[in-house]
Amino acid sequence: MTAPDINPHDRIVPGAGGLPKLVLSARDGAQAEIYLHGAQTTSWIPASGGERLYLSQKSEFRSGAAIRGGIPLIFPQFAALGSLPFHGLAQVMEWEFVDAQVAGDQTAAFFRLQDDEQSRSLWPHSFLAELTATIGGPRLAVKLAVTNTGSEMFQFTAALHTYLSVAEIGLTTVNGLAGLNYRDVAASRVEKHQGTPQAEFSGEVDRIYFAAPSETQVVEQGRTTLIRKTGFTDTVVWNPGAEKCALVPDMLADDYRRFLCVEAATVRTPVCLSPSERWQGSQELFA
Ligand code: TA6
C-alpha cells in the first residue's frame, strides 16, 4: 500500500469564523483539527473512526473568545485562581504553527507561543509555550512545554481542558480516582474524599482531584477511553449538569449529556520556573 501524500504545510485552511486551522492526518487514517487560535484541538478521529471530542455547535470562533470544546489549553492560570481572566491567556492567543512531521504511523504537529505586549500587560513574564499534538492509531497525545525566557522566576497553573464526547453522561463513569481527596468546586469548594470506586454523573460535577494517578478511564456502555498523563499533578473532572448547562450561552441546553471534561491539570501546587527552566506535561487519549 502506498502512503498518502502528506504535506502538512498545505493543510492550514480557513476554519469556522475564518480562523486558520490545521487539518492533520496520519497514514492509518487518524485525523485531527487544530486551530491556531489557542492551539486548540477541536476534532480527533482515531484510525478506527468516530469523533472522540465534543465541540459545541454554538461555539464562538473569533479573536478574543475561547472556543467551546475540544482541548482548550489553560495557561498560565487555572479558573479564577489569580487575577487573570478565567482560565488564563493562552486559549485566546494566536499560536504559530511551526512544523508537522510524519514518523511511521504517527503524525505530529508543533505549535509555539511567546509573550507579547498584550500578555505582558496582564502577566508580566517572558515565556515560550510549545504544544505538540500527535495522532496515529488509537492515540492522541497533547504535550505542553513551558520555558521561562525571562530573567525572573514565575509561577503558573495549567490544564488540558479536554472535552470528551460521550453518548450519554448518565451512563458514563470515571475510574481511577478512588481514594483521592478532591476540591468540590460545585459545593462551595469543600474538600472531600472519593470513597466510591467510580465517579458518576447525575448532576453538576466540578472536582479537582489532587495528586491523581497517571491513568484514568472514562467508561461508557460499549467503549472505554484510557487517559494517561505525565507532568501534570492533578485531574479535573467537570460536567455542568442540566441547570448550569442551560445558563452557558455557547452550549445547547442539553449538551451536558454529550460531553465530559477530564483534564490533566496542575492546580494545587503551581509550577515554579526559574530563568531558562523548562517544564512539560502531557495527556494521551487512547480510543
Ligand atoms: O475545568 C473546570 C472548570 O474550571 C469549571 O469550574 C467550569 O467553570 C469549567 O472549567 C468551564 O470553564 P469555561 O471558562 O470554559 O466556561
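Because the structure is a prediction, the values reported are computed rather than measured.

Bringing the overall build of the protein chain into the picture now. Each helix and strand in the protein chain was counted, giving two helices and 21 strands. The C-alpha atoms of the protein chain give 18 Å as radius of gyration, which agrees with the globular expectation for 287 residues (19 Å, within 12%). Expressed along its principal axes, the backbone C-alpha trace of the protein chain runs to roughly 50 × 50 × 35 Å. Burial statistics for the protein chain: of 287 residues in total, 52% are counted as buried. Intrachain contacts of the protein chain at a sequence separation of at least 6 include 62% that bridge at least 24 residues. With the model as given, the accessible surface of the protein chain reaches about 12,200 Å², and the carbon-plus-sulfur share is 50%. Here the protein chain holds 23 positive side-chain charges and 31 negative ones, and the gap between their average locations is 3 Å.

Turning to the packing of aromatic side chains, a few remarks are in order. In this structure the tally under the stated criterion is 16 aromatic pairs. For the pair Phe75 and Phe156, a centre-to-centre distance of 5.1 Å together with 65° between the ring planes defines the contact as edge-to-face. Residue Phe75 is found in the loop between strand S5 (73–74) and strand S6 (96–103), and its partner Phe156 is found in strand S10 (residues 154–160); the two are separated by 81 residues along the sequence. As far as burial versus exposure is concerned, Phe75 and Phe156 are alike and both buried. Consider the rings of Phe156 and Trp279, whose centres lie 5.5 Å apart with planes at 80°: the pair is edge-to-face.

Looking at where Gln280 falls in the secondary structure, it is placed in strand S21 (residues 278–286). We classify Gln280 as partly exposed; its relative accessible area is 39%. Separated by 130 residues in sequence, Gln280 and Gly150 place their C-alpha atoms 17 Å apart. When sequence neighbours within four positions are dropped, the list of residues in contact with Gln280 reads Lys143, Leu144, Ala145 and Gly231.

Moving on to the sheet that holds strand S2 (residues 20–25). Ordered by their spatial adjacency, four strands build an open sheet running S1-S2-S3-S4, and the pairing between neighbours is antiparallel. Each edge of the open sheet is held by one strand with a lone partner, namely strand S1 (12–14) and strand S4 (40–45). Each adjacent strand pair in this sheet contributes to an overall mean axis angle of 25°, direction not counted. Pairing of S1 with S2, which is carried by three bridges, proceeds in the antiparallel orientation. In the strand pairing of S2, Val13 is matched with Lys21.

This paragraph deals with empty space enclosed by the protein. The tally for this structure, following the rule as stated, stands at one cavity of 30 Å³ or more. Estimated volume of the largest cavity: approximately 40 Å³. Together, Pro213, Ser214, Thr216, Ile227, Arg228, Lys229, Thr235, Val262, Ala264 and Gln283 line the largest cavity. The set of elements that each furnish at least two residues to the lining of the largest cavity consists of strand S18 (223–230) and strand S20 (259–273). With three residues, the single largest contributor to the lining of the largest cavity is S18. Class assignment for the residues of the lining of the largest cavity results in four nonpolar, four polar and two charged.

In this model, the largest pocket occupies a volume close to 710 Å³. For the largest pocket, the lining is made up of 34 residues, of which Arg68, Phe86, His87, His161 and Trp238 are closest to its centre. For the lining of the largest pocket, the elements supplying multiple residues, two or more each, are strand S16 (205–209) and strand S19 (234–239). Residues of the lining of the largest pocket, tallied by class, amount to 20 nonpolar, five polar and nine charged. Empty space within the second largest pocket amounts to approximately 230 Å³. Around the second largest pocket, the lining is made up of 13 residues, and of these Leu89, Val92, Met93, Gln118 and Leu122 lie nearest the centre. Tallying contributions element by element places helix H1 (residues 117–122) first for the lining of the second largest pocket, with three residues. Considering only residue class, the lining of the second largest pocket consists of six nonpolar, five polar and two charged.

Here we come to the site of the ligand. Taken together, the residues surrounding the ligand are Arg68, Phe78, Phe86, His87, His161, Tyr163, Asp206, Val236, Trp238 and Glu263. Here Arg68 contributes a side-chain N or O atom positioned 2.9 Å from an oxygen atom of the ligand. His87 places a polar side-chain atom, nitrogen or oxygen, 3.0 Å from an oxygen atom of the ligand. Considering the ligand on its own, with 390 Å² of exposed area, one finds that the protein chains cover 78% of that surface. Judged by the fraction of its atoms near the pocket grid, the ligand is located in the largest pocket. Here the shell around the ligand is composed, by residue class, of five nonpolar, two polar and three charged.

The rules behind the values
- Residues numbered from 1 in each chain as written.
- Predicted model: local features only at pLDDT ≥ 70, side-chain atom pairs only at ≥ 80, totals over all residues.
- Heavy atoms only, no water.
- Helix = DSSP H or I, 4+ residues; strand = E, 2+ residues; numbered from the N terminus.
- Rg over C-alpha atoms; globule rule 2.2 N^0.38 Å.
- Buried < 20%, exposed > 50% of the residue type's maximum accessible area, 1.4 Å probe, protein only.
- Contact = heavy atoms within 4.5 Å.
- Areas by Shrake-Rupley, 256 points an atom, 1.4 Å probe, with all protein chains shown as cover.
- Lys, Arg positive; Asp, Glu negative; His and termini not counted.
- Charge placed at Lys NZ, Arg CZ, Asp CG, Glu CD.
- Phe/Tyr/Trp six-rings, centres within 6.5 Å; stacked < 30°, edge-to-face > 60°.
- Pairing = 2+ DSSP bridges.
- Axes fitted to C-alpha atoms, helices over the stretch in contact; angles between N-to-C directions.
- 1 Å grid on protein atoms, 1.4 Å probe; cavity = no way out; pocket = protein on both sides within 12 Å on 5 of 7 lines; lining within 4 Å.
- Points joined across faces, edges and corners; volume = space filled by probe spheres on them.
- Nonpolar A, V, L, I, M, F, W, Y, C, P; charged D, E, K, R; others polar.
- Near = heavy atom within 4 Å.
- Polar contact = N/O pair within 3.5 Å; in protein donor to acceptor, adjacent residues only side chain to side chain.
- Sits in = over half its atoms within 2 Å of the grid points.

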